[in-house]
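# Coordinates in review
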Amino acid sequence: MSVIGDLKDSRGLLVNLTLREVRGKYKRTLLGQGWSLLNPIAVLLIYTLVFGFVLRVPVPIGENSGVQIFALYLACGLIPWTFFSNSVTSGMGALLGNANLLRKVYFWRPTLVVASVFAWDVTFAIELLVLMAALLIVGSMPLPWLPLLLLAVVLLTVFALGIALMLSVANVYFRDTQHFVSIGMQLWFYATPIVYPYSLIQDQADRMAADGNGFPLETIYRLNPMERFVSVFRSMLYDNTWPQWGDVLFCVVVAAASLGIGIWVFTRSQHRLVEEL
Amino acid sequence: MSAAPAVEVEGVAKRFRMYRERNQSLKAALMRGGRASFDEYWALKDVSFEIPQGSTFALIGENGSGKSTLLKCIARILEPERGRIRTHGSVAALLELGSGFHPELSGRENVFLNGSILGMTKRELERKFDEIVDFAGIEPFIDQPVKNYSSGMYMRLGFSVAINVDPDILLVDEVLAVGDAAFQEKCMEKFVDFRRAGKTVVIVSHAMGSMRTLCDQAAWLDRGSLLDIGRADAIVDRYVDKGHEKGVAPGTAGGANAEARVGSGEARLTTVEMLDASGTPATSFRTGDPVTVRVGYECTERVEQPAFALAMDTVDGMRFWAHHTRDGGLELPFIEGTGHVDLVIPALALQPYTIDLSARILDHTLTHTYDFRRHCYRFVVETGDHRESGGVVALGGRWTADLPASASETAV
Ligand SMILES: Nc1ncnc2c1ncn2[C@@H]1O[C@H](COP(=O)(O)OP(=O)(O)O)[C@@H](O)[C@H]1O
Ligand SMILES: [Mg+2]
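Thresholds, definitions, all that
- Residues numbered from 1 in each chain as written.
- Chains lettered and ligands numbered in written order.
- Predicted model: local features only at pLDDT ≥ 70, side-chain atom pairs only at ≥ 80, totals over all residues.
- Heavy atoms only, no water.
- UniProt positions renumbered as here; feature names shortened; annotations may be inferred.
- Helix = DSSP H or I, 4+ residues; strand = E, 2+ residues; numbered from the N terminus.
- Rg over C-alpha atoms; globule rule 2.2 N^0.38 Å.
- Buried < 20%, exposed > 50% of the residue type's maximum accessible area, 1.4 Å probe, protein only.
- Areas by Shrake-Rupley, 256 points an atom, 1.4 Å probe, with all protein chains shown as cover.
- Contact = heavy atoms within 4.5 Å.
- Polar contact = N/O pair within 3.5 Å; in protein donor to acceptor, adjacent residues only side chain to side chain.
- Patch = residues over 30% accessible without salt bridge, like charges linked within 9 Å, V, L, I, M, F, W, Y side chains within 5 Å.
- Salt bridge = Lys/Arg side-chain N within 4 Å of Asp/Glu carboxyl O.
- 1 Å grid on protein atoms, 1.4 Å probe; cavity = no way out; pocket = protein on both sides within 12 Å on 5 of 7 lines; lining within 4 Å.
- Points joined across faces, edges and corners; volume = space filled by probe spheres on them.
- Nonpolar A, V, L, I, M, F, W, Y, C, P; charged D, E, K, R; others polar.
- Pairing = 2+ DSSP bridges.

You'll find chain B entered in an unreviewed UniProt entry as ABC-2 type transport system ATP-binding protein, with Blastococcus tunisiensis given as the organism. Recorded under Sequence similarities (unreviewed entry), the UniProt text for chain B is reproduced unchanged: "Belongs to the ABC transporter superfamily."

Taking an unreviewed UniProt entry as the reference, chain A is identified by name as Transport permease protein belonging to Blastococcus tunisiensis. Turning to chain A, the UniProt annotation filed under Sequence similarities (unreviewed entry) states: "Belongs to the ABC-2 integral membrane protein family."

### Things to note about the overall build of chain A
When you go through chain A residue by residue, the secondary structure sums to 14 helices and zero strands. Taking 277 residues into account, the globule formula puts the C-alpha radius of gyration at 19 Å, and chain A, at 20 Å, falls close to it. With the principal axes as the frame, chain A shows a C-alpha extent of 60 × 45 × 35 Å. The proportion of buried residues among the 277 residues of chain A is 51%. Accessible surface computed for chain A: about 13000 Å², of which carbon and sulfur atoms make up 69%.

### A closer look at the environment of A:Tyr238
Residues and elements named next belong to chain A. Examined against the element boundaries, Tyr238 turns out to sit in helix 12 (residues 225-239). A residue is classified by how much of its surface remains accessible, and Tyr238, at 1% relative accessible area, is buried. For the pair Tyr238 and Ile61, spaced 177 residues apart in the sequence, the C-alpha separation amounts to 8.7 Å. The residues touching Tyr238, leaving out its near neighbours within four places in the chain, are Val59, Pro60, Ile61, Gly62, Ser65, Val67, Gln68, Ile69, Leu72, Tyr73, Cys76 and Ser140. Polar contacts involving the side chain of Tyr238 include one to the main-chain carbonyl oxygen of Pro60, which spans 2.9 Å.

### Description of the UniProt feature "domain: ABC transmembrane type-2" (unreviewed entry) in chain A
UniProt feature "domain: ABC transmembrane type-2" (unreviewed entry): in the numbering of this structure it lies at residues 31-269 of chain A. As a span, residues 31-269 of chain A carries 76% helix and 0% strand, and end to end its C-alpha atoms are 40 Å apart.

### Here's the deal with a nonpolar patch on the surface
Residue and element names in this part refer to chain A. On the surface, Ile46, Leu49, Val50, Phe53, Val54 and Leu55 cluster together to form a nonpolar patch covering roughly 600 Å² of accessible area. Assignment of secondary structure puts Val54 in helix 3 (residues 35-54). Take Val54: its relative accessible area is 62%, and that puts it in the exposed class.

### Describing the UniProt feature "transmembrane region" (unreviewed entry) in chain A
Mapped onto this numbering, the UniProt entry gives "transmembrane region" (unreviewed entry) at residues 35-55, 67-84, 112-139, 145-167, 179-198 and 245-267 of chain A. The distance from the first to the last C-alpha atom of residues 145-167 of chain A is 33 Å, and the span holds 96% helix and 0% strand.

### Notes on the layout of surface pockets
Quantified by volume, the largest pocket comes out at close to 1000 Å³. Around the largest pocket, the lining is made up of 40 residues, and of these A:Leu13, B:Ser116, B:Ile117, B:Leu118 and B:Gly119 lie nearest the centre. At the level of elements, helix 1 (2-9) and helix 2 (11-25) of chain A together with strand 5 (91-94) and helix 3 (107-117) of chain B are the ones that each hand at least two residues to the lining of the largest pocket. Looking at the lining of the largest pocket, the element that brings in the most residues is helix 2 of chain A, giving seven residues. Grouping the amino acids of the lining of the largest pocket by side-chain chemistry returns 21 nonpolar, nine polar and 10 charged.

### Points about the pairing of strand 19 (residues 353-362) of chain B
Residue and element names in this part refer to chain B. Burial analysis of strand 19 places seven of its 10 residues in the buried class, which makes it a mostly covered element. Pairing of strand 15 (residues 307-314) with strand 19, which is carried by eight bridges, proceeds in the antiparallel orientation. Counterpart to Leu310 in the pairing with strand 19 is Ala359. Alignment of strand 19 against strand 20 (residues 369-382), held across nine bridges, turns out to be antiparallel. Across the sheet, Ile361 pairs through a bridge with Asp371, a residue of strand 20.

### Focus: empty space enclosed by the protein
Residue and element names in this part refer to chain A. Considering all chains together, one arrives at five cavities of 30 Å³ or more under this definition. In this structure, the largest cavity occupies an estimated 50 Å³ of space. In terms of lining, the largest cavity is formed by Leu148, Leu151, Ala152, Leu155, Phe229, Val232, Met236, Pro243, Val248 and Cys251. Elements with a contribution of two residues or more to the lining of the largest cavity: helix 8 (146-173), helix 12 and helix 13 (245-269). For the lining of the largest cavity, the element with the highest residue contribution is helix 8, accounting for four residues.

Put into structure tokens, the structure is as follows:
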């Protein structure tokens, strides 16, 4: 396939662009790379305060780990989500943000989007490491799942990449794409069990069933790929159990579909890309 | 030089959209009902030619004739609507105004980024880094963000990276217009090295003089179509002549050449010619010859206090001289009917060169033009008794040496 050939040819450039993104992210800030940890910790604190203390969301007990700490339960979902949302957002802007480069030199265009997603993988990895350290301290043992965890990271990256590829070209032709996406991302966030446990949705579905309402709430809720991703991450990190294989399979399928569609959309619409920048 | 082409351009057509209303929002698209409001403009119309391997190839044409568009298509930055372009070997392009640098990054970071875009590995870049910086001559600034660079520095660094990646095909668009003479000379040397190494260079430039000597082949684009292709000297001469003809024959001026003759027309230039010592019109002179420039005019009405102006440009576009009657101390109360004014030049202080003369009739404030004819007379200067070594003007300087006694003894 020519895409793989192109990707191979662009290896060196990809590494370079990714490094540029990683270095550039917090350039000229006082705390530098420190922000890549301070940011999520601050968000974590805020959500813990609001949802853990004020709204008193029930905190599930880790199945095998026995851990029951809201902040950690939250982090196991929030960290993958943040990676996803950041990758999509910055990948979407990668073409417009590098108009200068695109107008002057030829290279395999998707490299820009891939690099900006990969740059967030670096942050993602650091955050996961810190999270695992915290989990180990409180008695959770996620290490045996490390290889599968890695696979989950790869799948989530592929999923995000596909979406970013689609949106990046859309954003060139229609500049308000990014505004729609930022609203969409907020909705998506609350449609995913991150700040609340999945059990709340189950309770609601049970209540509706008791009232004789046949609405398939759970089925629809579970169509959300991010719900599957979060539950895969959580079962390994928080519960120390194997993820449900159905969820893993779902993730594989959506990741492949997302990338396939992403590449298709990108190659089909890149024809007039440079002129439209 | 092998005969196989480095670049094959086959029936290439490129269309641009000119948006009537530049609004890339979804709302605008919905309001138009999905139909975008734009005009189509064909910047290239079925252009086909080949660029031989190892040649230095010139692409010439008026502004807007599609030269940059074609280079961008060859560089794969733009995709043509129709046709095909095949390149054999690696391509590096140096397009108008620098090459895709990131303004926030330092020169060093940009060299590495740009180099890797052009396909160099990190190790190759590390090996060539000093050479690149050296060639650009910006060593003290290499760790500053390039947004602080002057346009000349920016361009030099871009050129230096592009040329040091050692592409098989180098595309260069109008970069020689920027930068000082010393740098331009360095670039020219690089082009020659390139040719010697059997590589292909495609140059777009308005410096016709250098294009003529530097390039072996040329293609002439006119409003998106290929007008002529062949030996560079022949094509350049034809191109320059055409511009020349258009200037002489008013009325035929159209499109891009409309500026060849402008003015309100109360007084018009009839003949502009250069006379030699015997008073006959000539187009060839020697350094130091006496010359008279005769400017004939014709008035439709009485024109008060006019001024006549002359200017000379080298064939590659440098304006090196201009002079008008007011600065020359000739006050004309009025002109009427027909007549002429002369500028007597006792000795033509020019070195061998091809030169274009322009003439103008102005009002006494020098702000209103009655008639202007650009490049209406071309003449060549040939070597005379007095000979100087290079440039346009012959200053007539004499060398003397104040040698120490011993040296002058051995010299004697
Ligand atoms: N991105 C663009 N969008 C619309 N029109 C363009 C674009 N780029 C160039 N053109 C038009 O295409 C024509 C050819 O331009 P160009 O290739 O830059 O000419 P040259 O380099 O010979 O001066 C011009 O009329 C120019 O206005
Ligand atoms: Mg141009």
